[in-house]
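Coordinate analysis (summary)
Residue-level listing of the chains:
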Amino acid sequence: MDPPKKICIVGSGNWGSAIAKIIGVNAAVNPKFNTTVNMWVFEEMVNGRKLSDIINTHHENVKYLPGCKLPANVLAVPDLLEAASDSDVLVFVVPHQFIIKVCDTIKGKVKKEALGVSLIKGVDTSTDGLKLISGIIREKLGIAVAVLMGANIANEVAEENFCETTIGCRNQEHGALLKELMQNQNFRITVVSECDVVEICGALKNVVAVGAGFSDGLGFGDNTKAAVIRLGLMEMIAFARIFCTAGPVSPATFLESCGVADLITTCYGGRNHRVAKAFVTAGKSIEELEKEMLNGQKLQGPVTAAEIHHILQHKNLLDKFPLFTAVYRICYQGQSIKHFISCLQNHPEHM
Ligand SMILES: NC(=O)c1ccc[n+]([C@@H]2O[C@H](COP(=O)([O-])OP(=O)(O)OC[C@H]3O[C@@H](n4cnc5c(N)ncnc54)[C@H](O)[C@@H]3O)[C@@H](O)[C@H]2O)c1
């Protein structure tokens, strides 16, 4: 039998800590995996103590997942290189704006045959064109990378409420191993091969959620929100058809947890929806609200809207994506929230 695989969770925010709970429990009982699971913690002081010390003493991430006990075999490691360098499976779960720095830190220092899986929702446009986060990791580290995306609000997963998720992975063996590492009775995984589509769904749904928050903030009811969700889904599919050129883009993938289910949960319960709703009702900027409402957690929707906007503008495609465009303009260009519904009324879907 192969030696047990060492796991490193690269990130320890809200979702990073919730998935650490599942992985820790599974690794403790499955001989395929090393019992100790490293979790890289971006060190910070919480009430005068190092967060990594608090986690290793009390087995709780008191800042990002308070009230949830982590298994004792999850070891918080503040040094990224030390946490990741001899790992066989690297689970990437940092907010997407930090992934380049993370990869640069461990570049050339992780095992060549290591397998990566990205739980990160977002895209990168800092270089030429659009890059998927999995693509950045693959390119920088030279390792195989799959993705896991789904209707998975971290606090609910941590509470062990039943939910589903999707792994996107071209290599069946890798897909099966990752499923074994992360599935349990209440976290059910389907593996599909269209990994780029799975990942693009995870990024774009946060933009739609901002639109859903606007709709709720404006006081419209469930019909309007359903329309925002549907039109948002149509834009997600159109976007995937233009940008996921490496393989097929099947309607079936959008029916997995990573597609329509994640869209629904994010438009009802996620932080992007919550902050966008407050943006309309409180009249403060997105940045102010992120600081006030999220206690260090990061908002992904507006940043992703800006990245998508940059790419669509460059390709002269803004008029085909009125919802994505309106979210960007309202968040960053001072466009009045009143214009949000008119962008839907004049959507190309209705012309
Ligand atoms: N929270 C959820 O419900 C959820 C669910 C599914 C997917 N995701 C995705 O998971 C990813 C991670 O989100 P999260 O919710 O775990 O994080 P989070 O927003 O809760 O926490 C922010 C994290 O960023 C870290 N951080 C701050 N500054 C940093 C820096 N300079 N470099 C590196 N790290 C830094 C903090 O230590 C903290 O761990 C995101 O892409 C998110 O979209 C989140």
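Structure's up top.
The following refers to the structure shown. Quick caveat, the model's predicted, so the values are computed rather than measured.

Re the site of the ligand
Around the ligand sit 24 residues, and of these Asn 14, Trp 15, Ala 154, Arg 271 and Lys 298 come closest. Between an oxygen atom of the ligand and a main-chain N or O atom of Lys 298, the distance comes to 2.8 Å. Looking at the shell around the ligand, the element that brings in the most residues is helix 1 (residues 14-29), giving 3 residues. Of the residues in the shell around the ligand, the class split is 12 nonpolar, 8 polar and 4 charged. Two domains each donate at least three residues to the shell around the ligand, and these are domain 1 (5-193) and domain 2 (197-350).

A word on the packing of aromatic side chains
Tallying each qualifying case throughout the model produces 9 aromatic pairs. Seen from their ring centres, Phe 214 and Phe 340 are 5.5 Å apart, and the 80 degrees between their planes marks the pair as edge-to-face. Of this pair, Phe 214 sits in helix 8 (residues 195-217) while Phe 340 is found in helix 16 (residues 339-345), placing the two residues 126 residues apart along the sequence. For the pair shown, Phe 214 and Phe 340 are each scored as buried. Ring geometry for Phe 239 versus Phe 321: centroids 6.0 Å apart, planes at 80 degrees, classification edge-to-face. Taken together, the residues Phe 239 in helix 9 (residues 222-243) and Phe 321 in the loop between helix 14 (301-314) and helix 15 (322-332) connect sequence positions 82 residues apart. In terms of burial, Phe 239 and Phe 321 fall into one category: buried. Among the aromatic residues, those joined into a cluster by ring pairs are Phe 239, Phe 243, Phe 321 and Phe 324. Over the face of the ring belonging to Tyr 268 we find Lys 225, whose NZ or CZ atom lies 3.7 Å from the ring centre.

Overview of the packing of helix 8 against helix 15
Any two packed helices are characterised by how steeply their axes cross, that is the angle between the axes, and by the distance between the axes. At their nearest, the axes of helix 8 and helix 15 sit 9 Å apart, and the two run at 65 degrees to each other. Considering the angle they form, helix 8 stands roughly perpendicular to helix 15. As for the relative orientation of helix 8 and helix 15, their crossing is left-handed in sense. Each of Leu 204, Val 207, Val 208, Val 210, Gly 211 and Phe 214 in helix 8 lies in contact with helix 15, whose residues at this interface are Leu 323, Phe 324, Val 327, Ile 330 and Cys 331. Split by residue class, the contact of helix 8 with helix 15 holds 10 nonpolar, 1 polar and no charged.

Considering the sheet that holds strand 2 (residues 33-40)
Pairing within the open sheet is mixed, and its 8 strands lie in the order 5-2-1-6-7-10-11-12. In this open sheet, the two strands that pair with only one neighbour each are strand 5 (74-77) and strand 12 (187-192). Shown here is a sheet whose adjacent strand axes are inclined to one another by a mean of 25 degrees, direction ignored. Summarising the sheet, strand 11 (residues 163-168) and strand 12 pair through 6 bridges and their orientation is parallel. Paired with Ile 167 across the strands is Val 191, a residue of strand 12. Strands strand 1 (5-10), strand 2, strand 5, strand 6 (89-92), strand 10 (144-149) and strand 12 of the sheet are contacted by helix 1, whose axis makes an angle of about 165 degrees with strand 2.

A look at the nonpolar core
Grouped together as the largest cluster of nonpolar side chains are 54 residues, with contacts concentrated most on Phe 214, Phe 239, Leu 312, Phe 324, Val 327 and Phe 340. Among the elements of the structure, helix 8, helix 9, helix 11 (257-269), helix 12 (271-282), helix 13 (286-294), helix 14, helix 15 and helix 16 are those that each provide at least two residues to this core. Residue contributions to this core peak at 11 residues, all from helix 8. Those residues within four positions of Phe 340 in sequence are excluded, and the remaining contacts are Gly 211, Phe 214, Ser 215, Leu 218, Val 228, Ala 326, Val 327 and Ile 330. In terms of nonpolar packing, the next biggest core, distinct from the first, is built from 43 residues, Ile 19, Leu 70, Val 93 and Leu 119 among them.

Structural notes on the environment of Gln 335
If you trace the backbone, Gln 335 turns up in the loop between helix 15 and helix 16. Apart from the residues lying within four places of it in its own chain, the contact partners of Gln 335 are Ala 326, Arg 329 and Ile 330.

Rules used in this analysis
- Residues numbered from 1 in each chain as written.
- Predicted model: local features only at pLDDT ≥ 70, side-chain atom pairs only at ≥ 80, totals over all residues.
- Heavy atoms only, no water.
- Near = heavy atom within 4 Å.
- Polar contact = N/O pair within 3.5 Å; in protein donor to acceptor, adjacent residues only side chain to side chain.
- Helix = DSSP H or I, 4+ residues; strand = E, 2+ residues; numbered from the N terminus.
- Nonpolar A, V, L, I, M, F, W, Y, C, P; charged D, E, K, R; others polar.
- Domains from an automatic or database assignment.
- Phe/Tyr/Trp six-rings, centres within 6.5 Å; stacked < 30°, edge-to-face > 60°.
- Buried < 20%, exposed > 50% of the residue type's maximum accessible area, 1.4 Å probe, protein only.
- Lys NZ or Arg CZ within 6 Å of the ring centre and 35° of its normal.
- Axes fitted to C-alpha atoms, helices over the stretch in contact; angles between N-to-C directions.
- Parallel < 35°, antiparallel > 145°, perpendicular 65-115°, else oblique.
- Left-handed = near helix turned anticlockwise from the far one by under 90°.
- Contact = heavy atoms within 4.5 Å.
- Pairing = 2+ DSSP bridges.
- Core = buried A, V, L, I, M, F, W, Y, C linked by side-chain atoms within 4.5 Å.

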